[in-house]
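# Summary of the model geometry
This is what each chain is made of:
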Amino acid sequence: MTAPAKRITDIGPPHYEKFLPPIIKRNYGQWKYHESLAPGVLCHVSETGDKLYSVRAASPRLLSIKTIRYFADLADKYCDGYLRFTSRNNVEFLLDDPGKIELLKQELRDAGYPVGGTNNAISNIVHTQGWVHCHSSATDASGIVKSVMDALCDHFTQQNLPAKLRIAVACCLNMCGAVHCSDIAILGIHRKPPKIKHDVLPKVCEVPTLIASCPTGAIRPKTVDGKQSVEVVEEQCMYCGNCYTVCPAMPLNDPENDGISIWVGGKVSNARTAPKFTKLAIPFLPNNPPRWPEVVDAVVNIVNVYSQGAKKFERVGEWIERIGWPRFFQLTGIEFTRYHIDDFKNAGQTYARSTHIRF
Ligand code: SF4
Ligand code: SF4
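Described below are features of the structure shown in this document. (Residues numbered from 1 in each chain as written. Chains lettered and ligands numbered in written order. Predicted model: local features only at pLDDT ≥ 70, side-chain atom pairs only at ≥ 80, totals over all residues. Heavy atoms only, no water.)

Let's shift gears to unusual backbone geometry. At the junction of Pro-289 and Pro-290, the peptide bond is cis and its omega measures out at 10 degrees in the coordinates. As for its position among the elements, Pro-290 is in the loop between strand S11 (279-286) and helix H8 (293-309). Phi angles above zero are rare outside glycine, and Asp-10 is one such case at about 55 degrees. Following the sequence through the fold, Asp-10 ends up in the segment before helix H1 (22-26). (Helix = DSSP H or I, 4+ residues; strand = E, 2+ residues; numbered from the N terminus.)

Structure representation (structure tokens):
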């Protein structure tokens, strides 16, 4: 009997040093300062005097192998084969010859990849799978991102906002990514309770796990046609979809009632103020593919009002905290509704408890 081929496992990722451009290897840990030469172009200067130039271009995140080969060809042509992707899925080309910057920028722009995303700009939108790949999405990700960035592209290629402005998209409130902590967040939501498939539920779901998955305790065990199943107390359901994540017999996707909510004011950095969660700005906008005009208009409006009203370096959340939420709703023209009032555990902490309020 022949021995089975040895399974190679637990080898981890390749060591990052293998992919560092020689200039970074030489100056690792010795960078003295950096400056922004133009939107999308940074220069890092080392203690040794070496200078590293990075050219950042937008990428749609979902890339074909053809696009990756195109980026690799550009890296071969301008950067001795080296490139990297940023934590917002932009592509960055790393050069040591400043004479190549303009040629590379032009080539990227000609191919449809805007150069920018640095400093006080709107960089790439961190986003999720949407209808391309996920079973629990209430909206699409790639389609919304394309529509919103088409409208905001000038803010990617320029650095003219009061501060950096981070936008994120998540297609359900599992919130894969950064919607809970971004300046503006676009989040897919449901508005109807799950439709229970009693015939398959006992075969595919573990009932105690399903019951425990509900944040509001809306799911109860129930015998239906002599079989073990569950019921949902609809007045208690807030359509989070968590039960569907653990039990495929609880689908709640609904093309008419699923849609978008918009959130604002989150940040992760500790610069000036502590990190913040996003808060609800718009409870519902319809799913309107392929261009989501209502969502695009809402985001552009918030960006415009913020950029006119915020002080230098003020992030969206800091601006709102300075002017107060009533003024935010007034300036943006967004309607304040009962949906904005927190009614989940410890909600009282979010209520105004002083007389300091602007009428
Ligand atoms: S946010 Fe929800 S729907 Fe989107 S990828 Fe994550 S789990 Fe799937
Ligand atoms: S959608 Fe959410 S709130 Fe409604 S029953 Fe399922 S887990 Fe509970």
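Below, the discussion takes up the packing of helix H4 (residues 142-157) against H8. Relative to each other, H4 and H8 sit at 35 degrees, their axes nearing to 9 Å. Like other packed secondary-structure pairs, H4 and H8 cross with a definite hand, here right-handed. Facing Ile-144, Ser-147, Val-148, Ala-151, Leu-152 and His-155 of H4, the residues of H8 in contact are Val-295, Val-296, Val-299, Val-300 and Val-303. For the contact of H4 with H8, the per-class residue count stands at nine nonpolar, two polar and no charged. (Axes fitted to C-alpha atoms, helices over the stretch in contact; angles between N-to-C directions. Left-handed = near helix turned anticlockwise from the far one by under 90°. Contact = heavy atoms within 4.5 Å. Nonpolar A, V, L, I, M, F, W, Y, C, P; charged D, E, K, R; others polar.)

There is a patch of like negative charges on the surface, built from Asp-73, Asp-76, Asp-80, Asp-96 and Asp-97. Mapped onto the secondary structure, Asp-76 falls in helix H2 (residues 65-79). By relative accessible area, which is 53% here, Asp-76 ends up exposed. (Patch = residues over 30% accessible without salt bridge, like charges linked within 9 Å, V, L, I, M, F, W, Y side chains within 5 Å. Areas by Shrake-Rupley, 256 points an atom, 1.4 Å probe, with all protein chains shown as cover. Salt bridge = Lys/Arg side-chain N within 4 Å of Asp/Glu carboxyl O. Lys, Arg positive; Asp, Glu negative; His and termini not counted. Charge placed at Lys NZ, Arg CZ, Asp CG, Glu CD. Buried < 20%, exposed > 50% of the residue type's maximum accessible area, 1.4 Å probe, protein only.)

Across the sheet, five strands lie side by side as S1-S2-S3-S5-S4; this open sheet has antiparallel pairing. With partners counted over all chains shown, the strands left at the sheet margins are strand S1 (31-38) and strand S4 (83-85), one partner each. Taking the axes of each pair of neighbouring strands and ignoring which way they run, one obtains an average angle of 25 degrees across the sheet. As paired strands, strand S2 (residues 41-46) and strand S3 (residues 51-57) are joined by five bridges and run antiparallel to one another. Note that in S3 the partner of Cys-43 across the bridge is Tyr-53. Sitting on the sheet, helix H3 (residues 101-110) is in contact with S1, S2, S3 and strand S5 (91-95), with an inclination near 10 degrees to S3. (Pairing = 2+ DSSP bridges.)

Right, let's get into the pairing of S3. With six of seven residues buried, S3 lies mostly within the body of the structure. In this structure, the hairpin formed by S2 and S3 is closed by a connection of four residues, where Gly-49 is found at a positive phi of approximately 95 degrees. Bridge count for S3 against S5 is five bridges, and the pairing is antiparallel. What sits directly across from Tyr-53, in S5, is Leu-95.

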